[in-house]
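# A look at the structure
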Amino acid sequence: QVQLVESGGGLVQPGGSLRLSCVISGSIFKINDMGWYRQAPGKQPDLVAGITSGGSTNYADSVKGRFTISRDNAKNTVYLQMNSLKQDDTAVYYCNADGWESYGDYAEYWGQGTQVTVPS
């Protein structure tokens, strides 16, 4: 099985910063694209940022200029640097990846989430 474990969440005052990390482990053979989603209370999950295997990135309009996604392929890790945090960023953040397991199946994988809270 493939496991994704997020870390780095917490409570931060408005204007502060956090860096989220997600480590993919287990039977993964090759990772394709990775990304971060978030789900605020009472809302559907939204794509925050994505990064392709070639390093191309995309961001939700609400976080452009404030968040940066990156990846370390040697460590099977994806990061989300979050700056200038505001109350609207409060959500559970989920790591996402897709790729191939060692026996050849292609699938999408999700982490369990990490809470980010920015009070008013």
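Up top is the structure these notes are about.
In short, a report on the structure. These numbers were taken from a predicted model, which means no experiment stands behind them. Throughout this description, residue numbers start from 1 for each chain and increase along the sequence as written. With pLDDT at 70 or above as the cut-off, local features in this predicted model cover only qualifying residues; side-chain atom pairs require 80 or more to be listed or tallied, and sums for whole chains, interfaces and linings still use all residues. Note that water and hydrogens are dropped before the side-chain values are worked out from all heavy atoms of the structure.

### Section: the pairing of strand β1 (residues 2–7)
Where a strand is regular, its side chains alternate between the two sheet faces. Relative accessible area decides the class of each residue, using a 1.4 Å probe on protein chains only: under 20% of the type maximum gives buried, over 50% gives exposed, and in between gives partly exposed. We count a stretch as a helix when DSSP gives it H or I for four or more residues in a row; a strand needs E for two or more, and each element gets its number in order from the N terminus. The two faces of β1 differ: Val-2, Leu-4 and Glu-6 on one face are buried, but Gln-3, Val-5 and Ser-7 on the other face are not. We treat two strands as partners when DSSP finds at least two bridges between them. Where β1 and strand β3 (residues 18–26) come together, six bridges link them in antiparallel fashion. Bridge pairing in β3 places Val-5 opposite Val-23.

### Concerning the nonpolar core
To form a nonpolar core, buried Ala, Val, Leu, Ile, Met, Phe, Trp, Tyr and Cys residues must be joined to one another through side-chain atoms within 4.5 Å. Formed by 31 residues in total, the largest nonpolar core has its most connected members in Ile-24, Trp-36, Leu-80, Met-82 and Tyr-93. Listing elements by their share of this core, those giving two or more residues are β1, β3, β4 (28–39), β5 (46–51), β7 (67–72), β8 (77–82) and β9 (91–101). The criterion used for residue contact is that any of the two residues' heavy atoms lie within 4.5 Å. Those residues within four positions of Leu-80 in sequence are excluded, and the remaining contacts are Leu-18, Arg-19, Leu-20, Trp-36, Val-48, Ala-49, Phe-67, Thr-68, Ile-69 and Tyr-93.

### Examining the environment of Gln-87
Relative to the elements of secondary structure, Gln-87 occurs in the loop between β8 and β9. Exposure remark for Gln-87: the relative accessible area of 46% places this residue in the partly exposed category.

### What to know about the state of the cysteines
Cysteine sulfur atoms that pair up within 2.5 Å are treated as a disulfide. This model, assessed by the stated rule, comprises one disulfide. The partner cysteine of Cys-22 in its disulfide is Cys-95, sulfur to sulfur 2.1 Å. Residues Cys-22 and Cys-95 are joined by a disulfide whose S-S torsion is about -85°; by sign, that bridge is left-handed. In this pair, Cys-22 is assigned in strand β3 and Cys-95 in strand β9, connecting sequence segments 73 residues apart. For the pair shown, Cys-22 and Cys-95 are each scored as buried.

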